[in-house]
Amino acid sequence: MSNRQNRWPVMASIVLAMLVSSMDTTIINTTMPVVADELGGKALYAWTFAAYMIFSTVAAPIAGRLSDLFGRKKVFGFGIIFFMLGSLLCGYSGSMVQLVLFRAVQGLGAGVMMPFPNIIAGDLFSIEQRGKIQAFFSAMWGLSAVLAPLLGGLFVEYLSWRWIFYVNAPLCIISLLLLLPYREVYEPKPAKVDGGGALLFSAGISLLLLTTVVESDYLLYAAGGVLLVAVFVLYEKRHPAPIVPLDLLRHPNVAWMNVNSVLACAALFGTSSFLPLFLQAKGYSITWSGMPLLGHSLGWMAVAVFAGKWILRYGYRRMLMIGNTILAASGLMFAFLGEDRGIVYATGAMVIQGVAFGLIVTVSIIGSQQLVGAHQKGISTSLQMFARNIGTAVGVTIMGSLLNHASDVFAGIEHLFLYGFLMSLAALLSTFMLRKEGVVAGEVIAQ
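It should be emphasised that the depicted structure is a prediction, and the values quoted were computed from it without experimental measurement. (Residues numbered from 1 in each chain as written. Predicted model: local features only at pLDDT ≥ 70, side-chain atom pairs only at ≥ 80, totals over all residues. Heavy atoms only, no water.)

A. Inspection of the overall build of the chain at higher detail. Broken down by element type, the chain carries 19 helices and two strands. Looking at the chain as a whole, 53% of its 447 residues are labelled buried. Within the chain, contacts between residues separated by at least 24 positions form 82% of all contacts whose residues are at least 6 apart in sequence. In the structure as shown, the chain presents an accessible area of about 18,700 Å², 69% of it carried by carbon and sulfur atoms. (Helix = DSSP H or I, 4+ residues; strand = E, 2+ residues; numbered from the N terminus. Buried < 20%, exposed > 50% of the residue type's maximum accessible area, 1.4 Å probe, protein only. Contact = heavy atoms within 4.5 Å. Areas by Shrake-Rupley, 256 points an atom, 1.4 Å probe, with all protein chains shown as cover.)

Written as structure tokens, this is what we have:
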């Protein structure tokens, strides 16, 4: 089978794996009250989400680096198997303690799988084609957002909550079978695995992420995380084959794209977590309060299709400036989201925000791949996704705190979106640090 032919089975494999991992981030939302009632241990309720989030976030950059060293197919296949094992264990859980532990295993598998849609697409498709592929990936995330609550409700009502995990097994097996005929186009660059760096990175980032979920001792966790990350940086500078090559961040555009992703996601990527709450407070049903989120997906897909062509015509810097300007505009709209605003206004703002993130995410992913060597494409892509995850975790935590300390829902929404608008201005300012590019033989080159 030629490379041109074998890319479609592997695309089907990674899309299916992406669909099950993305659904598992949301399907448990609708079923956790039932799960907690059956297993007991409601004090651990939040940790079922936190375990998945922390371990998937930490695993993604490590998986990206391992794919540079040993190849995409092996590492991706391992992630699918690990995610399937974690899913089966979650379904088997007999207590909340077990569920939290097994969600961590599942999160590790999801974190390993997560970067590969973008990494493998970067190996197989041109810049122009990658915009369309990104739009398709966005459609899968939008589909999972719609399917997950529906399937969760059906499983709980007609079967058992355990099937929200068991259903992943046949889908993972199909994904593995589709992956088998894939002949990898990337030539790996083997090196000794940096186990110490991986351990330091995992421990440091985990402690920092714990500050978003613990109810006390925030400073202790933060201080421990900062200390371990500092030790990690010093360690990596001396390692011959670091798990996170710090030299790729010496490329100004790669570094600033990561900074921009952190700021943009910290600003407004958490909107989808709080907008339904605002609409429900105004009397809309659970179903209708989620409708504006579809506008976000539609806006994202609409621009992602053309983003590859626009990058070649206008360059990364200009496209990210435009995307962040649109993000600030959506932030301004949400800053004026008062009690007198309804679902039509909210949907319009979400469409605009979807357009903004469609540009920012697609351009940053493609840039993180094209501006580094082939042997660093995996880690650079996964670091970009890691930056988005960190920004989202920070943003949602700050927004949640502003909401919790407000006098009512409407005052809290006003405060958290004012924060989002101001942070989106900071994200826009960061794009002015990007260097201008030229276009040579269909590639965008930083000058």
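B. Local environment of helix 4 (residues 72-92). Between the first and last C-alpha of helix 4 there are 30 Å, a value that for 21 residues agrees with the 30 Å anticipated at 1.5 Å per step. Along helix 4, the residues classified as buried are Arg-72, Val-75, Phe-76, Gly-77, Gly-79, Ile-80, Phe-83, Met-84, Gly-86, Ser-87, Cys-90 and Gly-91. (Expected span 1.5 Å × (residues − 1).)

C. Structural detail: the side chain of Ser-330. You can see Ser-330 is positioned in helix 16 (residues 316-335). In contact with Ser-330, other than residues within four places in its own chain, are Leu-268, Ala-349, Ile-352 and Gln-353.

D. Local environment of the pattern of salt bridges. All told, the structure shown has one salt bridge when counted by the stated rule. Salt-bridge contacts for Asp-68 lead to Arg-72; the nearest nitrogen and oxygen are separated by 2.9 Å. You'll find Asp-68 and Arg-72 in the same group, each marked buried. (Salt bridge = Lys/Arg side-chain N within 4 Å of Asp/Glu carboxyl O.)

E. Representation of the packing of aromatic side chains within the structure. Counted by the stated rule, this structure contains eleven aromatic pairs. Here Phe-269 and Phe-357 contribute two aromatic rings whose centre-to-centre distance is 5.0 Å and whose plane-to-plane angle is 85 degrees, an arrangement assigned as edge-to-face. Linking Phe-269 in the loop between helix 12 (252-268) and helix 13 (271-281) with Phe-357 in helix 17 (residues 343-370), this pair joins segments that are 88 residues apart in sequence. Judged by its relative accessible area of 0%, Phe-357 falls in the buried class. Ring-pair connections join several aromatic residues into one group, and the members of that group are Phe-201, Phe-232 and Phe-386. A cation over a ring is seen here: Arg-341 above Tyr-345, with NZ or CZ 4.4 Å from the ring centre. (Phe/Tyr/Trp six-rings, centres within 6.5 Å; stacked < 30°, edge-to-face > 60°. Lys NZ or Arg CZ within 6 Å of the ring centre and 35° of its normal.)

F. Examining a nonpolar patch on the surface more closely. A cluster of nonpolar residues, Leu-154, Tyr-158, Leu-159 and Trp-163, forms a patch on the protein surface that exposes about 450 Å² of accessible area. Tracing the backbone through its elements, the reader meets Leu-154 in helix 7 (residues 127-158). Exposure remark for Leu-154: the relative accessible area of 39% places this residue in the partly exposed category. (Patch = residues over 30% accessible without salt bridge, like charges linked within 9 Å, V, L, I, M, F, W, Y side chains within 5 Å.)

G. How the structure looks around the environment of Val-344. For Val-344, the location among the structural elements is in helix 17. With 52 residues separating them along the chain, Val-344 and Pro-292 place their C-alpha atoms 8.2 Å apart.

H. Seen up close, the environment of Leu-249. As for its position among the elements, Leu-249 is in the loop between helix 11 (218-238) and helix 12. Judged by its relative accessible area of 34%, Leu-249 is partly exposed. Taking the C-alpha atoms as reference, Leu-249 lies 10.0 Å from Leu-383; in sequence the two are 134 residues apart. What Leu-249 contacts, discounting residues up to four positions off in sequence, is Val-254, Ala-255 and Asn-258.

I. Structural context of the packing of helix 17 against helix 18 (residues 377-404). In contact at an axis separation of 8 Å, helix 17 and helix 18 are set at 150 degrees when each is read in the N-to-C sense. Between helix 17 and helix 18, the angle is such that the two are roughly antiparallel. Here helix 17 runs over helix 18; the crossing is right-handed. Between helix 17 and helix 18, the residues in contact are Val-361, Ser-364, Ile-365, Ser-368 and Gln-369 and Lys-377, Ser-380, Thr-381, Gln-384, Met-385 and Arg-388, respectively. (Axes fitted to C-alpha atoms, helices over the stretch in contact; angles between N-to-C directions. Parallel < 35°, antiparallel > 145°, perpendicular 65-115°, else oblique. Left-handed = near helix turned anticlockwise from the far one by under 90°.)

J. Quick look at the nonpolar core. Among the nonpolar cores identified, the biggest contains 99 residues, and Phe-76, Ile-120, Phe-137, Leu-275, Tyr-316, Leu-337 and Phe-357 are the most heavily contacted of them. Ranked by the residues each element gives to this core, the list is headed by helix 17, at 14 residues. Among the nonpolar cores identified, the runner-up in size contains 14 residues, and Ile-27, Ile-28, Val-35 and Leu-99 belong to it. (Core = buried A, V, L, I, M, F, W, Y, C linked by side-chain atoms within 4.5 Å.)

K. Examining the confidence of the model for the chain more closely. Across the chain, pLDDT averages 80, with 89% of residues at or above 70. When pLDDT is averaged over each helix and strand of the chain, the minimum, 48, is found for strand 1 (residues 437-440) and the maximum, 93, for helix 16. Every residue in residues 438-442 is under pLDDT 50, and counting partners more than four places away or in other chains gives eight contacts. (pLDDT = per-residue confidence, 0-100.)

L. Structural context of the side chain of Ser-175. With respect to the helices, strands and loops of the structure, Ser-175 is situated in helix 9 (residues 168-179). By relative accessible area, Ser-175 is classed as buried at 0%. Contacts of Ser-175, omitting those with residues within four sequence positions, involve Ser-13, Leu-16, Ala-17 and Ile-80.

M. Representation of the packing of helix 15 (residues 291-314) against helix 17 within the structure. Here helix 15 crosses helix 17 at 35 degrees, and the two axes come no closer than 6 Å. Considering how the two elements wind past one another, helix 15 and helix 17 form a crossing that is right-handed. Of the residues that constitute the contact of helix 15 with helix 17, the class distribution is 18 nonpolar, eight polar and no charged. (Nonpolar A, V, L, I, M, F, W, Y, C, P; charged D, E, K, R; others polar.)

N. Geometry of the environment of Ala-267. Mapping Ala-267 onto the fold places it in helix 12. A residue is classified by how much of its surface remains accessible, and Ala-267, at 0% relative accessible area, is buried.

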